[in-house]
Amino acid sequence: MHEMSVTMSLLDLVLEEASKAGAGKITGVNIVLGEMTGIIDHYVQANFELLSQNTPAEGAELSFQNIPRQARCRNCAHPFQPTDFEWACPKCQSSEIEITGGSELYVESIEVE
Amino acid sequence: MEIKVLKDILNANNQIADQNRQLLASKHIMAINLMSSPGSGKTTLVLRTVEALQDKARIAVIEGDVSSSIDAETLSQAGVTAIQINTGGACHLDASMVNSALANLPLDDIDILFIENVGNLICPGGFDLGEYLKVVILSTPEGDDKPHKYPLLFTQAKALVVNKTDLLPYVGFDLETFTRAFKGINQQAALFPISGLTGEGIAEWGEWVMDNLQKLRKLNP
């Protein structure tokens, strides 16, 4: 829902990193995106195409490594992926769980020329 | 050529949030980011808290809304220092909006600063404002199934306020089901069933707020 603000920050970040490295053109951006953030990758892609026009990042290809929700049962320590419909531990049915992954939102690397 | 970056996409926001946090700490202010759906009772909770703590703490409010100054006016009429931020359409507050608001508040005369985020259970969860605590409010007509529908926000809460308990007999909200779902994904958080209408539960909530203020003062004398 807030992909526009996220994409504006993304663009600023990659332009700054490329400029620090003395790169003239950004050809790719590798992003790690957790499911818990609620950020939709193709909205970011569409926003990026618009916002990056006439910048060194114009035409850069965004690649997303999507990280699903991850949880660990507090009762039996079983690691599992909660689905949209089921958050209890599939092994012991406990609903006492700890969220261990899926909130990532960072740039892993950029490809520059 | 590949350049390693390994930086949070919201890095710029997080840096301003850290500045806010430092400024607030230097002024000994405890900031609470209040997040909820529209209409769950954020402003009412603030008004009730001001009443409950009137001899104990000086409270000010940053009001975030897409548009209007209705809430800030309501608070000002009740004698509360309040400043309105209109996001002009954005679905959340960010750290720079809060930074500008802080520049217009009498920071030497504030103990507790409530930041009422834009009513929304999704986007506010992505943006650090530099607050000390995040508190989520859910009102009973919204339903007891919300923790699993909006997990990000519910896992971030240091406390959860269930408002409108006076409507429990009418709205089919099962407090036990809700508590099981919420505590399942967030064991540490405190839970306060309250009614902004009758004042039920406000005293306990107020005590928790004051306990946190004392803790913060011990950490940062």
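Residues numbered from 1 in each chain as written. Chains lettered and ligands numbered in written order. Predicted model: local features only at pLDDT ≥ 70, side-chain atom pairs only at ≥ 80, totals over all residues.

**With respect to the overall build of chain A**
To keep things clear, this is the line we draw: A run of H or I in DSSP becomes a helix once it reaches four residues, and a run of E becomes a strand once it reaches two; helices and strands are each numbered from the N terminus. For the radius of gyration, the atoms used are the C-alpha atoms, and the globule rule reads 2.2 Å times the number of residues raised to 0.38. What counts as a contact is two residues whose backbone-derived C-beta atoms lie within 7 Å of each other.
Secondary structure assignment for chain A yields two helices and six strands. The linear arrangement of helices and strands in chain A, starting from the amino end, is α-β-α-β-β-β-β-β. Against the 2.2 N^0.38 benchmark of 13 Å for 113 residues, chain A shows a C-alpha radius of gyration of 18 Å, more extended than a compact globule. For chain A, the proportion of contacts with a sequence separation of at least 24, taken over those separated by at least 6, is 72%.

**Overview of the pairing of strand β2 (residues 61–67) of chain A**
Residue and element names in this part refer to chain A. Applicable threshold: Pairing between strands is defined by DSSP: at least two bridges between the two strands are required. With the strands aimed away from the viewer, a crossover counts as right-handed if its path from the first strand over the helix to the second runs clockwise.
When strand β1 (residues 26–34) meets β2, the two strands line up parallel, connected through seven bridges. For G34, the partnering residue across the bridge sits in β2 and is I67. Taken together, β1, helix α2 (residues 41–51) and β2 form a β-α-β motif whose crossover is right-handed.

**Some remarks on the interface of chain A and chain B**
Contacts between chain A and chain B engage 27 residues on the former and 29 residues on the latter. For the side of chain A that touches chain B, the secondary-structure elements that each account for two or more residues are α1 (3–20), β5 (97–101) and β6 (105–112) of chain A. For the side of chain A that touches chain B, the element with the most residues is β6(A), which contributes eight residues. Across five bridges, β6(A) lies against strand β1 (residues 2–8) of chain B in antiparallel orientation. Bridge pairing in β1(B) places A:E111 opposite B:E2.

**Describing the environment of B:L53**
Residues and elements named next belong to chain B. One can find L53 in the loop between α2 (42–52) and β3 (59–65). Sequence separation between L53 and A159 is 106 residues, and the spatial gap between their C-alpha atoms is 18 Å. Residues within four places of L53 in sequence aside, it is in contact with I59, G206, V209 and M210.

**Remarks on the confidence of the model for chain A**
Just so we agree on the cut-off: Confidence per residue, as judged by the predictor, is encoded in pLDDT with a range of 0 to 100.
On average, residues of chain A score 94 in pLDDT, and 99% of them reach the 70 mark or higher. Predicted confidence in chain A is weakest over β5(A), with a mean pLDDT of 91, and strongest over β1(A), with 98.

**As for the packing of α1(A) against α2(A)**
All names here are of chain A. Note the following rule: A fitted line through C-alpha atoms serves as each axis, taken over the contacting stretch for helices, and the angle formed by two N-to-C directions is quoted from 0 to 180°. Our angle categories are set so that under 35 degrees counts as roughly parallel, over 145 as roughly antiparallel, 65 to 115 as roughly perpendicular, and the remainder as oblique. Here is the rule for handedness: rotate from the far helix to the near one, and if that takes an anticlockwise turn smaller than a right angle the crossing is left-handed, while a clockwise turn gives right-handed. Note that Gly is not counted as nonpolar here; it falls among the polar residues with everything else outside the nonpolar set of Ala, Val, Leu, Ile, Met, Phe, Trp, Tyr, Cys and Pro and the charged set of Asp, Glu, Lys and Arg.
Contact pair α1 / α2: the axes reach a minimum separation of 9 Å and the direction vectors enclose 55°. The orientation of α1 relative to α2 falls into the category oblique. Between α1 and α2 the crossing geometry is right-handed. Residue-level inspection shows E3, M4, V6, T7, M8, L10 and L11 of α1 in contact with α2, the latter providing Y43, V44, N47, F48 and L51. Of the residues that constitute the contact of α1 with α2, the class distribution is nine nonpolar, two polar and one charged.

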